[in-house]
Amino acid sequence: MRVFIFYSNTGRTDGKFKDIYHSGRIDVIVHSIIHSFFISNGFRKSVVFDLLLYGPPDPPRRIKITSNLDTPWSKKDIATLLSIALRKFNKRRTPIEAFPGVYVERKEFREVVEEYIKEGKNIYVLDKEGEFIEKVKIENPVFIIGDFLGLPKKEKKWLRDKAKFISLGDIPYFSSQVIAILNWYLDKLGFEKDYWDTGHKFEELKKKLDV
Ligand SMILES: C[S@@+](CC[C@H](N)C(=O)[O-])C[C@H]1O[C@@H](n2cnc3c(N)ncnc32)[C@H](O)[C@@H]1O
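Where an unreviewed UniProt entry is consulted, the protein chain appears under the name tRNA (pseudouridine(54)-N(1))-methyltransferase, with the organism given as Candidatus Nanoclepta minutus. Its UniProt record, at the heading Catalytic activity (unreviewed entry), says of the protein chain: "pseudouridine(54) in tRNA + S-adenosyl-L-methionine = N(1)-methylpseudouridine(54) in tRNA + S-adenosyl-L-homocysteine + H(+)". Under the UniProt heading Sequence similarities (unreviewed entry), the entry covering the protein chain gives this text: "Belongs to the methyltransferase superfamily. TrmY family."

Dropping the structure here:
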């Protein structure tokens, strides 16, 4: 599995996304989800996107999204899917599978990290000041990525003795770009690179346009 833990300092927890920029930068999350799972005419098979929301009005929320072809989404309506998933949870307030492959619960960031450590996974924090990724052995990885503000200082401090801090170089990238680069790097290493081919959707159009 390629596991990405995404820490959102500001993403709203009630699912009320009037517009995705002013709802705690849900746009950053949507782009990151796209780059986690979607490739051209395909969908990655072995990805977990573990989203921690710390925005108002009632943090935290965890939305764990796992590769599943039955998840009813397209690249256009990921924000709607997140919004409905949160609203479904907020009605019942017990852990739910809101959609196939999409799980919502109330859980703290640290509990989620500890869960993965107990499973025997290695934690890698993406940090510009960390050790260059090519010098680090990546094994059974969980990657932690911050949002547009980065990770809170107290969480970075807590992670110091639990994780390796790794860098993609001295360019400050968007969160979604970091995920795209990590996916490319893991593809290069040949690590869990299977995907479902969804190109059949365009066969008719391609025939019609002679492409
Ligand atoms: C837009 S950046 C956050 C910028 C924020 N001002 C900070 O200093 O953390 C989003 C996230 O991408 C990751 N990131 C960005 N550039 C990186 C790099 N060159 N190497 C490793 N991680 C990087 C970090 O996890 C960061 O929290």
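J.: Which parts of the structure should I look at to understand the overall build of the protein chain?
T.: Helix and strand content of the protein chain: six helices and 11 strands. Against the compact-globule benchmark of 17 Å for 211 residues, the protein chain has a radius of gyration of 17 Å, which places it among compact chains. In terms of principal-axis extent, the alpha carbons of the protein chain reach across some 55 × 45 × 30 Å. Here the protein chain holds 211 residues, and the buried ones make up 50% of them.

J.: Please explain the packing of aromatic side chains as it appears in this structure.
T.: Within a pair of aromatic rings, the relevant descriptors are the distance that separates the centres and the angle that separates the planes. This structure, assessed with the given rule, holds 11 aromatic pairs. Measuring from centroid to centroid gives 6.0 Å for Phe4 and Phe143, while their planes differ by 25°, and the two rings are stacked. Remark: Phe143 occurs in strand 9 (residues 141-146) and Phe4 occurs in strand 1 (residues 2-8); sequence separation between them is 139 residues. Like Phe143, Phe4 is buried.

J.: Which parts of the structure should I look at to understand helix 3 (residues 109-118)?
T.: Each turn of an α-helix holds 3.6 residues, which means side chains three or four residues apart point in the same direction. Regarding helix 3, the residues found buried are Phe109, Val112, Val113 and Tyr116. Along the axis of helix 3, the buried positions cluster into a sector of 95°, meaning they face one direction only. Of the surrounding elements, those touching the buried residues of helix 3 are strand 1, strand 4 (47-53), strand 5 (61-66), strand 8 (122-132), strand 9 and helix 4 (153-159). In the segment just after helix 3, Gly120 is the residue with positive phi, at about 90°.

J.: What's the story with the site of the ligand in this structure? I'm lost.
T.: Lining the immediate environment of the ligand, one finds 18 residues, of which Leu126, Leu168, Gly169, Ile171 and Tyr173 sit closest. Notes on the ligand: free accessible area 560 Å², of which the protein chains cover 75%. For the shell around the ligand, the secondary-structure elements that each account for two or more residues are strand 8, strand 9, strand 10 (163-167) and helix 5 (175-189). In terms of residue count, strand 8 provides more of the shell around the ligand than any other element does, three residues in total. A breakdown of the residues in the shell around the ligand according to their chemical character gives 10 nonpolar, five polar and three charged.

J.: Sorry, what's going on with helix 1 (residues 26-37) here?
T.: Relative to the 16 Å expected for 12 residues at 1.5 Å per residue, helix 1 spans 17 Å between its end C-alpha atoms, a close match to the ideal helical length. In terms of burial, helix 1 is a largely internal element, 10 of the 12 residues being buried. Turning to helix 1, its buried residues are Ile26, Asp27, Val28, Ile29, Val30, Ser32, Ile33, Ile34, Ser36 and Phe37.

J.: So what exactly am I meant to see when it comes to the packing of helix 1 against helix 5 here?
T.: A pair of packed helices is characterised by two quantities: the angle between their axes and the separation of those axes. Relative to each other, helix 1 and helix 5 sit at 10°, their axes nearing to 8 Å. For the element pair helix 1 / helix 5, the angle class is roughly parallel. The segment helix 1 lies against helix 5, with Val28, His31, Ser32, His35 and Ser36 engaging Ser175, Ser176, Ile179, Ala180 and Asn183. When the residues that make up the contact of helix 1 with helix 5 are grouped by side-chain class, the tally is three nonpolar, seven polar and no charged.

Criteria and cut-off values
Residues numbered from 1 in each chain as written. Predicted model: local features only at pLDDT ≥ 70, side-chain atom pairs only at ≥ 80, totals over all residues. Heavy atoms only, no water. UniProt positions renumbered as here; feature names shortened; annotations may be inferred. Helix = DSSP H or I, 4+ residues; strand = E, 2+ residues; numbered from the N terminus. Rg over C-alpha atoms; globule rule 2.2 N^0.38 Å. Buried < 20%, exposed > 50% of the residue type's maximum accessible area, 1.4 Å probe, protein only. Phe/Tyr/Trp six-rings, centres within 6.5 Å; stacked < 30°, edge-to-face > 60°. Arc of directions from axis to C-beta. Contact = heavy atoms within 4.5 Å. Near = heavy atom within 4 Å. Areas by Shrake-Rupley, 256 points an atom, 1.4 Å probe, with all protein chains shown as cover. Nonpolar A, V, L, I, M, F, W, Y, C, P; charged D, E, K, R; others polar. Expected span 1.5 Å × (residues − 1). Axes fitted to C-alpha atoms, helices over the stretch in contact; angles between N-to-C directions. Parallel < 35°, antiparallel > 145°, perpendicular 65-115°, else oblique.

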